[in-house]
Amino acid sequence: MEAVDVLLDASFIKARSTRHPDNGRRGFSDADAMVGRNGRGYDLEYKLHVAVDHRTMLPLATLLAPANDNEKKHGPTLIERTRVVLGKAGARLRSLVADSQYSSGKVRGLVEDSVIPYMSNQRGGDVLRVDRRFRTHGPVEAVREYRRRPAVEA
């Protein structure tokens, strides 16, 4: 059985709608679209969560959600969908690499070998962290593993 390393990330997709006149957080013609923070501004968008095989760079599972939903909320569902796809292919999920937005005990507990940096407001001793300039700090092995994540950004 082949073992697969999976990278998780989310990306914004612009909604083709205007804001609702009564509720500026929702779309007018597309009620499922929500306002979310994209960089420095706020836009009416969706968030596409993607699980990618690190070696082949092929998407294994996707999940479309409103832009204002946090990644932690959709991480477990995305991991389960990835396991289903890998199971059908005769493979198993070996490790998970994701950014700090997926940082939660629930997401870490789903995969034995997970490399997810802790947020600055989460406590922990010698753990992986990412500073404001996107520099990684922590155990050398975790930093090396986390550096594979930018491949999913492409």
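Everything numeric here is computed off the predicted structure, so don't read it as measured data. (Residues numbered from 1 in each chain as written. Predicted model: local features only at pLDDT ≥ 70, side-chain atom pairs only at ≥ 80, totals over all residues. Heavy atoms only, no water.)

Caption draft 1: Looking closely at the environment of leucine 60. In this fold, leucine 60 is placed in strand 4 (residues 59–66). Classification of leucine 60 as buried rests on a relative accessible area of 19%. Once the C-alpha coordinates of leucine 60 and leucine 78 are considered, the two residues, 18 residues apart in sequence, prove to be 9.5 Å apart. (Helix = DSSP H or I, 4+ residues; strand = E, 2+ residues; numbered from the N terminus. Buried < 20%, exposed > 50% of the residue type's maximum accessible area, 1.4 Å probe, protein only.)

Caption draft 2: Expanded view of the packing of aromatic side chains. Within the structure shown, the criterion is met by 0 aromatic pairs. Directly above the ring of tyrosine 118 sits arginine 108, whose terminal nitrogen or CZ lies 3.7 Å from the centroid. (Phe/Tyr/Trp six-rings, centres within 6.5 Å; stacked < 30°, edge-to-face > 60°. Lys NZ or Arg CZ within 6 Å of the ring centre and 35° of its normal.)

Caption draft 3: Molecular detail of the nonpolar core. Counting residues in hydrophobic clusters, the biggest one holds 18 residues, and the most contacted among them are Val6, Leu8, Ile79, Leu86 and Leu96. Contributing elements (two or more residues each) for this core: strand 1 (2–14), strand 4, helix 1 (71–88) and strand 5 (91–97). Counting residues in each nonpolar core, the second largest holds 7 residues, with Leu7, Leu128, Ala142 and Tyr146 among its members. (Core = buried A, V, L, I, M, F, W, Y, C linked by side-chain atoms within 4.5 Å.)

Caption draft 4: Representation of the pairing of strand 5 in the model. Here strand 5 lies mainly inside the structure; 5 of its 7 residues are buried. Pairing of strand 1 with strand 5, which is carried by 6 bridges, proceeds in the parallel orientation. Its bridge partner lying in strand 5, valine 4 is registered against leucine 93. Bridging between strand 5 and strand 6 (residues 113–115) involves 3 bridges; their strand directions are parallel. When the sheet's bridge partners are listed, leucine 96 is paired in strand 6 with serine 114. Read from strand 5 through helix 2 (residues 105–110) to strand 6, the crossover connection turns out right-handed. (Pairing = 2+ DSSP bridges. Right-handed = clockwise from strand over helix to strand, strands pointing away.)

Caption draft 5: Spatial organisation of helix 1. Look at helix 1: 26 Å from first C-alpha to last across 18 residues, which is about the 26 Å you get at 1.5 Å a residue. Those residues of helix 1 that fall on the buried side of the exposure criterion are Glu71, His74, Gly75, Pro76, Leu78, Ile79, Thr82 and Leu86. A side-chain oxygen of the first residue of helix 1 lies 3.0 Å from the backbone nitrogen of lysine 72; this N-cap is asparagine 70. At the exit of helix 1 stands glycine 90, carrying a positive phi of roughly 75°. (Expected span 1.5 Å × (residues − 1). Polar contact = N/O pair within 3.5 Å; in protein donor to acceptor, adjacent residues only side chain to side chain.)

Caption draft 6: Structural detail: the confidence of the model for the protein. When pLDDT is averaged along the protein, the result is 82, and 83% of the positions lie at 70 or above. When pLDDT is averaged over each helix and strand of the protein, the minimum, 61, is found for helix 4 (residues 150–153) and the maximum, 95, for helix 1. (pLDDT = per-residue confidence, 0-100.)

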